[in-house]
Amino acid sequence: MRRKDALNQAAYRTRLIRAAGVIALAGNLILTAVKIFLAHKSSSLAVLGDGIDSLTDVLIAAVTLVISGIISKPGDREHPWGHGRAETVATMVLAFIIFLAGSELCISAAKRIIARETITEVSAAAVWASVISICGKVLLTFSQYFLGKKAKSDLVLANAQNMRSDIVLSAAILTGISLARIFRRPVLDPVTAIIAGLWVIKNAVELFKDLNMELMDGNTDSSLYKKIFNAVKSVPGVENPHRARIRKLGASYDISLDIEVPPDMTVYDAHEKAEQVEEAIRKSILDVYDVMIHIEPENSSAHQRKEEFGLSPGNMEE
């Protein structure tokens, strides 16, 4: 039954990720077409740059659709843990795209300041392009966050973060070209763009740090370990949970730990206790991919060599 429920959950998650990809693809295609057309009408390089940024979002949405098909594949001989990490790898690529977009914005703005290129007039088409971009990106951001949270997809949530950065980019372009005209200070346009670019870079770095933790099989959520130890406590006849480890596979958790049972317990009964512990863990933590439990006789860990990996309740109190 658990296997069937897991497959149904995976299929539902895949549908949500695909829906997010389709919405992002269609929305960004429309925004790209509108902004490039209005950039041509207004002769605004800033608006053209915003349109090119939306074109990168179209590529990102296409990647999301491709990845949704990969992560839905079951485990095979080459990938016994499934294909969930494909989402992590794709999200890492997305983080670099966001970083490059922010860096390019800063470099372009700096070149404009050095070359003393100025904008002296703001056309209605340029203003409308920025306003449409902001409104469209707000709608897309909300849709991506909603679907990303529901699917628990780092890739979709990263795309939502990228779109939020695009809102700042469009707002900076609108503010910069408007202030440059109102106060007759053309340098405000590239200065505002640099600030927006640095904010985009910050988001990319934070996203990269989170993904690096996952790729290194790290975990910063101590509450998950506490849930594991409490689940073990709820099973009578089981003692001393230790060497507990958690790693993420896409949106799921792979868990392993050691437990101790009375030394005179039969293999069959010890196996039943391990099954009960696994069931208790699955009830405490959602989206568990697998639980690997190693059974030891009671008090045996005191005579074993010290192993520098895994956590125990004592580690959590330090």
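Reference entry: report on the structure contained in this document. (Residues numbered from 1 in each chain as written. Predicted model: local features only at pLDDT ≥ 70, side-chain atom pairs only at ≥ 80, totals over all residues. Heavy atoms only, no water.)

## Considerations on the overall build of the chain
Regarding its fold elements, the chain presents nine helices and three strands. Each helix and strand of the chain, placed in order from N terminus to C terminus, yields the pattern α-α-α-α-α-α-α-β-β-α-β-α. Buried residues in the chain amount to 43% of all 318 residues. Restricting to contacts in the chain with at least 6 residues of sequence separation, those with at least 24 account for 75%. Counting only carbon and sulfur atoms, one obtains 63% of the accessible surface of the chain, whose full area is about 17,300 Å². (Helix = DSSP H or I, 4+ residues; strand = E, 2+ residues; numbered from the N terminus. Buried < 20%, exposed > 50% of the residue type's maximum accessible area, 1.4 Å probe, protein only. Contact = heavy atoms within 4.5 Å. Areas by Shrake-Rupley, 256 points an atom, 1.4 Å probe, with all protein chains shown as cover.)

## Focus: the packing of helix H7 (residues 222-233) against helix H8 (residues 267-284)
Where H7 meets H8, the closest approach of the two axes is 8 Å, and the angle between their N-to-C directions is 140 degrees. Considered as vectors, H7 and H8 are oriented oblique to each other. Like other packed secondary-structure pairs, H7 and H8 cross with a definite hand, here right-handed. Contacts between H7 and H8 involve Lys 227, Ile 228, Ala 231 and Val 232 from the first element and Val 277, Ala 280, Ile 281 and Ser 284 from the second. Along the lines of polarity and charge, the residues of the contact of H7 with H8 split into six nonpolar, one polar and one charged. (Axes fitted to C-alpha atoms, helices over the stretch in contact; angles between N-to-C directions. Parallel < 35°, antiparallel > 145°, perpendicular 65-115°, else oblique. Left-handed = near helix turned anticlockwise from the far one by under 90°. Nonpolar A, V, L, I, M, F, W, Y, C, P; charged D, E, K, R; others polar.)

## Considering the layout of surface pockets
Considering only enclosed or pocket space, the second largest pocket measures out at about 740 Å³ in volume. The wall of the second largest pocket is formed by 32 residues, among which Asp 154, Leu 157, Glu 214, Lys 248 and Tyr 253 lie closest to the centre. Within the residue set of the lining of the second largest pocket, elements represented by two or more residues are helix H4 (124-151), helix H5 (154-182), helix H6 (188-215), H7 and strand S1 (239-249). Classifying every residue of the lining of the second largest pocket gives 12 nonpolar, eight polar and 12 charged. (1 Å grid on protein atoms, 1.4 Å probe; cavity = no way out; pocket = protein on both sides within 12 Å on 5 of 7 lines; lining within 4 Å. Points joined across faces, edges and corners; volume = space filled by probe spheres on them.)

## Some points on the pattern of salt bridges
According to the stated counting rule, one finds five salt bridges in the structure shown. The salt bridge involving Arg 247 is made with Asp 254; its shortest N-O contact spans 3.1 Å. Residue classification places Arg 247 among the partly exposed positions, given a relative accessible area of 21%. Since its relative accessible area comes to 11%, Asp 254 is described here as buried. (Salt bridge = Lys/Arg side-chain N within 4 Å of Asp/Glu carboxyl O.)

## Remarks on the sheet that holds S1
Read from one edge of the open sheet, three strands run S1-S2-S3, paired in mixed fashion. The two strands at the open ends of the sheet, each matched to only one other strand, are S1 and strand S3 (288-297). Between one strand axis and the next, the sheet turns through 15 degrees on average, direction left out of account. Bridging between strand S2 (residues 252-261) and S3 involves nine bridges; their strand directions are parallel. Bridge pairing in S3 links Ser 256 to Met 292. Along the sheet, H7 makes contact with S1 and S2, crossing S1 at roughly 140 degrees. (Pairing = 2+ DSSP bridges.)

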